[in-house]
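Architecture at a glance
The chain contents come next:
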Amino acid sequence: MAVSYKKLWILLIEKDMKKTELRIKSGISTGALAKLGRNENVNTEVLVKICKTLDCRIEDIMELIDE
């Protein structure tokens with residue numbers, strides 16, 4: 001199983017928010033944002049910060065997919 005953050009990028013488009021704006025508002029690092037862009041594992045704390053910023057649930061920003 002692999003992680004996909006495609007839902008996050010779609011949500012950002014729907015909210016008319018740029019990745020940099022998300023990074024600043026949520027307080028996540030540029031490294032964490034880069035990992036999200038490469039569908040790599042990130043700390044749960046990063047996901048929680050994003051969910052608080054976007055007022056959504058974790059399943060709204062990520063999903064598990066078969067490799």
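Overview of the structure. (Residues numbered from 1 in each chain as written. Predicted model: local features only at pLDDT ≥ 70, side-chain atom pairs only at ≥ 80, totals over all residues. Heavy atoms only, no water.)

**Quick word on the environment of G27**
Our working rule: Numbering of helices and strands runs from the N terminus; a helix is a DSSP stretch of H or I covering at least four residues, while a strand is a stretch of E covering at least two. Whether two residues are in contact is decided by their heavy atoms, any of which lying within 4.5 Å being enough.
For G27, the location among the structural elements is in the loop between α2 (19–26) and α3 (30–37). Distance from G27 to L8, taken between C-alpha atoms, is 16 Å for residues 19 residues apart in sequence. In contact with G27, other than residues within four places in its own chain, are L22 and K49.

**Section: the nonpolar core**
Quick reminder of the rule: As used here, the term nonpolar core means buried Ala, Val, Leu, Ile, Met, Phe, Trp, Tyr and Cys residues forming a set that is joined through side-chain atoms within 4.5 Å. Buried means the residue's accessible area, taken with a 1.4 Å probe over protein chains only, is under 20% of the maximum for its type, while exposed means over 50%, and partly exposed covers the values in between.
Counting residues in each nonpolar core, the largest one holds 21 residues, and the members touching the most others are Y5, L8, L36, I50, L54 and I61. Secondary structure elements with two or more residues in this core: α1 (6–14), α3 and α4 (44–54). With 5 residues, the single largest contributor to this core is α4. With residues near it in sequence (within four places) discarded, I50 still touches L8, L22, S26, I28, L36 and I61.

**Considering the packing of aromatic side chains**
Note the following rule: Ring geometry is summarised as follows: Phe, Tyr and Trp rings, the Trp one being its six-membered ring, pair when their centres sit within 6.5 Å, and such pairs are stacked at plane angles under 30 degrees, edge-to-face over 60 and tilted between the two. Remark: a charge is flagged as sitting over a ring if the NZ atom of Lys or the CZ atom of Arg is within 6 Å of the ring centre and within 35 degrees of the ring normal.
This structure, assessed with the given rule, holds 0 aromatic pairs. When the ring centre of W9 is taken as reference, the NZ or CZ atom of K19 above it lies at 4.3 Å.

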